[in-house]
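# Observations on the model geometry
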Amino acid sequence: EDHAICWPDADLQIEAVSLLLKTCISLGHSAHISEHASTLQRLLDATPNASIENRIQAYGTLAHIELDRGEYHRVLEICGTMPESDLLACPSSTAFGILLLRQCALYRLGRFREAEDVCGWALSLAERDGDENQQGDVWMWMANISRLQGRLLPSLQMYLRAARHHRLAGDFTGVTRDLLN
């Protein structure tokens, strides 16, 4: 709770705690996640004027934690705190990460139509930026949704499209994942 570092501003502290949490997630240090997540939430609540990108990154980190816990409704609640205008104002890679979290939660809740809508928005961002890897990811998401609904031929076509985009991006792990699906 009482950190030895004196932060010059709360915005920087939000960014640092968010990065610390991401590191804990990556390293599997689950004992620290709850403590740091609570700290991050308190910082966000106390700093409504934090930069848009830091707020979105921080909320994305909190949503990621809830997704890992299987708390899909909570993921949607967290993602819902981010106005669309804020997502459009931040770098598209940041917005794309939030859309991924939203899509995953909707998919796991069986809300396929809404997940497809989120995919449409993510695809338009990826196409606008010319990001082949993100386009491949979205086509894979859409293929998964389609396959789960029993639309096998369209899902196969989407997996092939995803593989093409991943190949163009040089993401051969993505290509393998697409073709194995």
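Given the structure is predicted, the values throughout are model-derived calculations rather than measurements. (Residues numbered from 1 in each chain as written. Predicted model: local features only at pLDDT ≥ 70, side-chain atom pairs only at ≥ 80, totals over all residues. Heavy atoms only, no water.)

## Focus: the layout of surface pockets
Keep this limit in mind: Put simply, the grid is 1 Å and covers the protein atoms alone, a cavity is a trapped set of points that fit a 1.4 Å probe, a pocket is an open set with protein on both sides within 12 Å along at least five of seven lines, and lining residues have an atom within 4 Å of a point. Grid points are joined across faces, edges and corners, and a volume is the space filled by probe spheres set on the points. A run of H or I in DSSP becomes a helix once it reaches four residues, and a run of E becomes a strand once it reaches two; helices and strands are each numbered from the N terminus. Amino acids outside the nonpolar list (Ala, Val, Leu, Ile, Met, Phe, Trp, Tyr, Cys, Pro) and the charged list (Asp, Glu, Lys, Arg) are all regarded as polar, and Gly is one of them.
Empty space within the largest pocket amounts to approximately 200 Å³. The wall of the largest pocket is formed by 14 residues, among which Lys 22, Gly 60, Thr 61, His 64 and Leu 101 lie closest to the centre. Of all elements in the fold, only helix 1 (10-27), helix 3 (52-68) and helix 6 (92-108) reach the threshold of two or more residues within the lining of the largest pocket. For the lining of the largest pocket, the element with the most residues is helix 6, which contributes 6 residues. Its residues placed into classes, the lining of the largest pocket shows 5 nonpolar, 8 polar and 1 charged.

## Quick word on the nonpolar core
Our working rule: Definition used in this section: a nonpolar core is a set of buried Ala, Val, Leu, Ile, Met, Phe, Trp, Tyr and Cys residues joined via side-chain atoms within 4.5 Å. In this scheme, a residue with accessible area under 20% of its type's maximum is buried, one over 50% is exposed, and one in between is partly exposed, where area comes from a 1.4 Å probe on protein chains only.
Judged by nonpolar contacts, the single largest core of 51 residues is most densely connected at Leu 40, Leu 62, Met 82 and Val 138. Put simply, the parts of the chain that give this core at least two residues each are helix 1, helix 2 (30-46), helix 3, helix 4 (72-80), helix 6, helix 7 (112-129), helix 8 (132-148) and helix 9 (152-169).

## Quick look at the environment of Ser 34
Cut-off, in case you're wondering: Distance and chemistry together define a polar contact, namely a pair of N or O atoms within 3.5 Å, with one atom able to donate a hydrogen and the other to accept it when in protein, and with adjacent residues in sequence counting only for side-chain atoms on both sides.
Counting through the fold element by element, Ser 34 comes out in helix 2. For the pair formed by Ser 34 and Asp 178, sequence separation is 144 residues and the distance between their alpha carbons is 34 Å. Among the polar contacts listed, one links the side chain of Ser 34 to the side chain of Arg 69, at a separation of 3.0 Å.

## With respect to the packing of aromatic side chains
What counts is decided by this rule: Ring pairs shown here join Phe, Tyr and Trp side chains whose ring centres sit within 6.5 Å, with only the six-membered ring taken for Trp; geometry is labelled stacked below 30 degrees between planes, edge-to-face above 60, and tilted in between.
Applying the stated rule across the entire model yields 2 aromatic pairs. Taking the centre distance of 6.1 Å and the plane angle of 65° together, the rings of Tyr 107 and Phe 112 count as edge-to-face. Taking the relative accessible area as the measure of exposure, Phe 112 reaches 18% and is therefore buried.

## Comments concerning the pattern of salt bridges
Our working rule: Any carboxyl oxygen of Asp or Glu that lies within 4 Å of a side-chain nitrogen of Lys or Arg is treated as forming a salt bridge with it.
Per the counting criterion, the structure on display carries 8 salt bridges. Note that Glu 114 and Arg 111 form a salt bridge whose closest N and O atoms lie 2.7 Å from each other. Assessed through its relative accessible area of 35%, Glu 114 is described here as partly exposed. One salt bridge in this structure joins Asp 137 and Arg 177, with 3.9 Å as the shortest N-O distance. With Asp 137 in helix 8 and Arg 177 in helix 10 (residues 172-180), this residue pair connects regions lying 40 residues apart in the sequence. A network of salt bridges, in which partner residues are shared, links Arg 113, Glu 116, Asp 117 and Arg 151.

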